[in-house]
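Residue-level listing of the chains:
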Amino acid sequence: MTTAALPLSPNTIHAGDCLSLFSQLESGTVDLVFADPPFNIGYEYDEYHDRHSDDDYLAWCKEWMGETHRVLKEDGTFWLAIGDEYAADLKVAAERELGFTTRSWVVWYYTFGVNCTRKFSRSHAHLFHFVKDPKRFTFNAEDPFVRVPSARALVYGDKRANPTGRLPDDTWILRPQDLPEGFQSMDSTWYFARVAGTFKERQGFHGCQMPEQLLGRIIRVSSNPGEVVLDPFTGSGTTLASAKKLGRRWLGFELSSDYVKYSTERLASVKNGDTLDGPMDAIESAPSTANGRRLQDHPMLPVCNSGVVDEPAKAQRLECSTDPRIGTGIAIARSEHLSHIAKPQLREVLRQAIIEAFFAAHDGYSIDWLLANPDLQTAFHIACREAGLIGRPLDWNRELLRLRKSTKFPKRGKPKRVKLSSEQMEPYAFAAEIAWRLTSDRFGDVSLDEIICDEDKSQVFDRTAYRFAPGYNPVDYRWAALHLRKASCDLVTEMNKYQYVYRTREFQRTLLLDRCDLERYIGRPGIYSLLTVDKTHLFVDQSRDLGKRLLQHLSCNTLRKSIRYLSFIFPGDLPSEDYQGGLKLALVRRHQPQFNFPLAGL
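Scoring rules and cut-offs
- Residues numbered from 1 in each chain as written.
- Predicted model: local features only at pLDDT ≥ 70, side-chain atom pairs only at ≥ 80, totals over all residues.
- Heavy atoms only, no water.
- Helix = DSSP H or I, 4+ residues; strand = E, 2+ residues; numbered from the N terminus.
- Phe/Tyr/Trp six-rings, centres within 6.5 Å; stacked < 30°, edge-to-face > 60°.
- Lys NZ or Arg CZ within 6 Å of the ring centre and 35° of its normal.
- Core = buried A, V, L, I, M, F, W, Y, C linked by side-chain atoms within 4.5 Å.
- Buried < 20%, exposed > 50% of the residue type's maximum accessible area, 1.4 Å probe, protein only.
- Contact = heavy atoms within 4.5 Å.
- Expected span 1.5 Å × (residues − 1).
- Patch = residues over 30% accessible without salt bridge, like charges linked within 9 Å, V, L, I, M, F, W, Y side chains within 5 Å.
- Areas by Shrake-Rupley, 256 points an atom, 1.4 Å probe, with all protein chains shown as cover.
- Salt bridge = Lys/Arg side-chain N within 4 Å of Asp/Glu carboxyl O.
- Lys, Arg positive; Asp, Glu negative; His and termini not counted.
- Charge placed at Lys NZ, Arg CZ, Asp CG, Glu CD.
- Pairing = 2+ DSSP bridges.
- Axes fitted to C-alpha atoms, helices over the stretch in contact; angles between N-to-C directions.
- Parallel < 35°, antiparallel > 145°, perpendicular 65-115°, else oblique.
- Left-handed = near helix turned anticlockwise from the far one by under 90°.
- Nonpolar A, V, L, I, M, F, W, Y, C, P; charged D, E, K, R; others polar.

Attention shifts here to the environment of Ile451. Mapped onto the secondary structure, Ile451 falls in helix α15 (residues 448–453). C-alpha separation for the pair Ile451 and Arg478, spaced 27 residues apart in sequence, amounts to 9.4 Å.

Using the criterion set out here, one finds 23 aromatic pairs in the structure. Pairwise contacts between aromatic rings join Tyr57, Trp60, Trp64, Phe78, Tyr86, Phe100, Trp105, Phe128, Phe130 and Phe233 into one cluster. The cationic tip of Lys457 hangs over the ring face of Phe443; the distance from NZ or CZ to the ring centre is 5.0 Å. Over the ring of Tyr565 we find Lys535, and its NZ or CZ is 4.9 Å from the ring centre.

Soluble globular proteins tend to pack their nonpolar side chains together in the buried interior. Counting residues in each nonpolar core, the largest one holds 70 residues, and the members touching the most others are Phe380, Leu400, Phe468, Leu530 and Leu566. For Leu530, the contacting residues outside a window of four places in its chain are Thr536, His537, Leu538, Phe539, Leu550, His553, Leu559, Ile563, Tyr565 and Leu566. In terms of nonpolar packing, the next biggest core, distinct from the first, is built from 34 residues, Leu72, Ala87, Leu230 and Leu251 among them.

All right, on to helix α2 (residues 54–71) then. In this model, α2 (18 residues) spans 26 Å end to end at C-alpha, consistent with the 26 Å of a helix rising 1.5 Å per residue. Tyr57, Leu58, Trp60, Cys61, Trp64, Met65, Glu67, Thr68, His69 and Val71 are the residues of α2 that are buried. Turning to α2, the residues buried within the fold contact α1 (18–22), β2 (30–35), β3 (72–82), α3 (84–96) and β7 (228–231).

So, on to a negative patch on the surface. Residues Asp54, Asp55, Asp56 and Asp89 make up a contiguous surface patch of negative charge. Among the elements that make up the negative patch, the one with the highest residue count is α2 (three residues). Along the chain, Asp89 turns up in helix α3.

Let us look at unusual backbone geometry. Phi at Asn11 takes a positive value of approximately 55 degrees, unusual for a residue other than glycine. As for its position among the elements, Asn11 is in the segment before β1 (12–15).

What follows concerns the environment of Ser421. Relative to the assigned elements, Ser421 resides in the loop between α13 (393–405) and α14 (422–442). With 62 residues separating them along the chain, Ser421 and His483 place their C-alpha atoms 9.4 Å apart.

Mapped onto the elements, Lys245 comes out in helix α6 (residues 238–245). A relative accessible area of 4% places Lys245 in the buried class.

All right, on to the sheet that holds strand β16 (residues 565–569) then. One open sheet accounts for four strands, arranged β13-β16-β14-β15; its pairing is antiparallel. Edge positions in the sheet fall to β13 (509–512) and β15 (537–543), since each of these pairs with one other strand and no more. Neighbouring strand axes in the sheet, compared pairwise and without regard to direction, differ in orientation by 20 degrees on average. Its contacts with the sheet place helix α19 (residues 546–554) against β14 (526–531), β15 and β16, and it is angled at close to 25 degrees to β14.

Our next topic: the side chain of Arg549. Along the chain, Arg549 turns up in helix α19. Classification of Arg549 as buried rests on a relative accessible area of 4%. Here Arg549 is in contact with Glu426, Phe430, Tyr528, Asp541, Gln542 and Ser543, once residues within four sequence places are set aside.

Relative to each other, α14 and α19 sit at 40 degrees, their axes nearing to 12 Å. Considering the angle they form, α14 stands oblique to α19. The way α14 lies across α19 gives a crossing that is right-handed. Contacts between α14 and α19 involve Glu426, Pro427 and Phe430 from the former and Arg549, Gln552 and His553 from the latter. Each residue belonging to the contact of α14 with α19 can be placed in one class, and the counts come to two nonpolar, two polar and two charged.

Below, the structure written as structure tokens:
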């Protein structure tokens, strides 16, 4: 990975005209450019006139796009966000006049678009994915957050399905929150809600703010940690904030002095490893129209009499409700045969049904093992349906877990023990930890319990773990994560007792990866850290065989592209073996590596 010097200071927003600032950048110094320029539609900016003749606007665009081509490295990538009016013109110019190659034409679908009266309301923008060299460019196709499960895995249950999933398809979509099964994050039409004025992530000083999750997808797939991301139209600073959170170096140009001020303040408030703002799962966050608040007597809505929906409308959907006093999250049928049961009794009926479904499916194992084992989970869900429970597998899993954590779950014999030691799990336990952290970040800092209970989240977790340590089953990765959580919780007490052992221990040796003979460390135990180009800690762990573990890491392209340095603490520098887990925990707390779960909260 080359690190050519930038004449303009990196990790800074520079004030001024983009063409003037482009001229101060050396050729071939930037890895990724994302540009969301003014659309020339008359939008009111504070220091820019957004209404020019077509010829003047297109000439200006070709000029700054030409500079973009110059400053990109030979394997660099350019993403352009643009509206309908000039999308075709700029695509043709980029390809035929400036030398870019189009890899994808992505449609960004958003809600809360501008309402129109004499044409269909616009709810999309175009995202062009250009590369400088069509044979050599960064596209992290193996990143588990880019890949999606195949139809073989989702629909047909075909064991030939690739466990790492596949790349997304093209699609047409309807209203996404009402047709979730017909629109997924895997599609090339991307659904991310526009950052409306009421959204928590809205900065307030800029009216055209893009969602961080959208930028996060682009930055993850088209760059690696430590590389340079440039936004020549910084605006609200979303591109740069997302890049900083994802461990990239960043550079911004902005004409407005006010935008520079506010965006700089925004950048100062975030740090490497922070979770991206906004929901990763836009479908889950969108309110369903079926469950929304309706206007009474609206002519477009079904007629209601005394709160009862008319029969044609009722026939179109399942009638169910969730009683907050029951607290199970399980949908309860509005059926006559349950109407006579009091609420406390109904709660007990539901709990008992969950308990019996577990005992019908668990094969003698514990609740934790059932939730970690996809086959036993499936058997449990079948038993729930056969018991007449209405709801989702996620609801049943959550309720089972709640019962396990309470004192109300009955014991029927001694459960089978899962005999897997830490030594047996070492070849894949590190992958479970990385998958835990990345999956938690992706879905907004969710817990390990939520990941394992939710099928969609657990599939992301499984694919992520498989990418870092292929060849194992989902139950292996999930059980290893549960084991890691328990072991870390146990260590917290020990750390509090023996803080003096860890306070002064630190990494002493830092080696350039390209000059490191990893085979010499085979058979040597110790604690290590993987570092990015700017020596930010990416992942800290311990291993009984450092050489074997590091060679395993470097066989994974996702890690290999991101690592520049290695740091070690060798056995001679370690406390006794009993304290090594505590030392790792202390180092993770101290350095907050991007791929370690933040164990300080345990």
